[in-house]
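# Chains, contacts and geometry: an overview
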Amino acid sequence: MSEYTEVELPFLQQLAELGWTVIDHGPGVPQDAAASLRGNFRQWLLPEVFDDAVRAINRTDDGLAWLTNRQLEDLRGQLLRHPNRSLLEANEAVQAMLFKAQVDSNELTGEPDPVVRLIDFHTPGNNQFHAINQFRVDTPGCVKACIIPDIVLFVNGIPLVVAECKKGSETCANPMQEAFVQL
């Protein structure tokens, strides 16, 4: 039995039973980025999922979606671009955006600097949940050509959880420690 069949697959099945959309690449290395809802393997945000979900949870009082394509592109850019920041600083900036993101204006109402919800914390069912295993991310110019976390959990196209799955065996006495080291 393998790590995939004994750890990854049962976890993915459990998530599917909870209503998550699961993309199962099997145990191999993915070769098609489109299968994981991306244009290429350098993307770590699911752009179309993000746009659809964020647009859907940000509506006027009468139910109209008000975010423009340009504003959604700007929000994606704010999440993605953190030059000259350490990993900790970049993570803190993204976390702050999860609770308070803003755009220049609501073009329907004229409200300046409105707050945009990237995640609907009050009504979780309004969010889109995806679980993707073997989530390949190419890392050109780095020591490794790519990284492939076992399972990544996304809320509204934003990766929030990385799960590194390990199976206990005679060569892996402490699976939790092995996963921690690999992460």
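To keep things clear, this report deals only with the structure shown in the data block.

Rules used in this analysis
- In this convention, every chain numbers its residues from 1, walking through the sequence in written order.
- The model is predicted, so local features are restricted to residues of pLDDT at least 70 and side-chain atom pairs to those at 80 or more, both for listing and for counting; the totals for chains, interfaces and linings are taken over all residues.
- To obtain the side-chain values, all non-hydrogen atoms of the structure were used and water was disregarded.
- Salt bridges are defined by distance alone: a side-chain nitrogen of Lys or Arg within 4 Å of a carboxyl oxygen of Asp or Glu.
- Secondary structure counts use DSSP, requiring at least four H or I residues in a row for a helix and at least two E residues in a row for a strand, with both numbered from the N terminus.
- Summary of the burial criterion: residues with accessible area below 20% of their type's maximum are buried, those above 50% are exposed, and those between are partly exposed, where the area comes from a 1.4 Å probe applied to protein chains only.
- The length a helix should cover is 1.5 Å for every residue beyond the first.
- The arc in question is traced by the directions running from the helix axis to the C-beta atoms.
- Any two residues whose heavy atoms approach within 4.5 Å at even a single point are treated as in contact.
- Pairing of aromatic side chains requires ring centres within 6.5 Å, counting the rings of Phe and Tyr and the six-membered ring of Trp. Pairs whose planes differ by under 30 degrees are stacked, by over 60 edge-to-face, and all others tilted.
- Think of it as a cone above the ring: NZ of Lys or CZ of Arg counts as a charge over the ring if it is within 6 Å of the ring centre and within 35 degrees of the ring normal.
- Whether two strands pair comes down to DSSP finding at least two bridges between them.
- Note on geometry: axes are lines fitted to C-alpha atoms, helical ones only across the stretch in contact, with angles between N-to-C directions running from 0 to 180 degrees.

Let us now look at the pattern of salt bridges. Under the definition given, this model contains five salt bridges. Among the ionic pairs, Arg 70 bridges to Glu 107, the shortest N-O distance being 3.2 Å. Placement of the pair is Arg 70 in helix H3 (residues 69-80) and Glu 107 in the loop between strand S2 (101-102) and strand S3 (115-116), with a sequence separation of 37 residues. Given a relative accessible area of 48%, Glu 107 falls into the partly exposed group. Taken together, the shared-partner salt bridges in this structure form one network comprising Arg 70, Asp 104 and Glu 107.

The first and last C-alpha atoms of helix H4 (residues 87-99) sit 19 Å apart over 13 residues, in line with the 18 Å expected at 1.5 Å per residue. Residues Ala 90, Ala 93, Val 94, Met 97 and Leu 98 constitute the buried set of H4. Seen end-on, H4 carries its buried residues on one side only, within an arc spanning 145°. More than 90 degrees from the buried face of H4, the exposed residues found are Leu 88 and Phe 99. Contacts made by the buried residues of H4 are with H3, S2 and strand S8 (158-163).

A word on the packing of aromatic side chains. Summed over all chains, the structure comprises three aromatic pairs. Ring centres of Phe 99 and Phe 121 lie 5.1 Å apart, and the angle between their planes is 10°; this geometry places the pair in the stacked category. Of this pair, Phe 99 sits in helix H4 while Phe 121 sits in the loop between S3 and strand S4 (129-133), placing them 22 residues apart in sequence. A relative accessible area of 56% means that Phe 99 is categorised as exposed. The side chain of Arg 38 reaches across the aromatic face of Phe 135, ending 3.8 Å from its centre. The residue whose ring lies beneath Arg 136 is Phe 41, and the NZ or CZ to ring-centre distance is 4.1 Å.

The element S4 is largely enclosed, with a buried count of four among its five residues. Where strand S1 (residues 21-23) meets S4, three bridges bridge the pair, whose relative direction is parallel. Across the sheet, Val 22 pairs through a bridge with Ala 131, a residue of S4. Both S4 and strand S7 (residues 151-155) contribute to a ladder of five bridges, which runs antiparallel. Within the sheet, the bridge partner assigned to His 130 lies in S7 and is Phe 154.

It is worth spelling out the sheet that holds S4 at this point. Taken in spatial order, the four strands make up an open sheet running S1-S4-S7-S8, and their pairing is mixed. The sheet terminates laterally at S1 and S8, the two strands that pair on one side only. The sheet shows a mean angle of 20° between the axes of neighbouring strands, taken without regard to direction.

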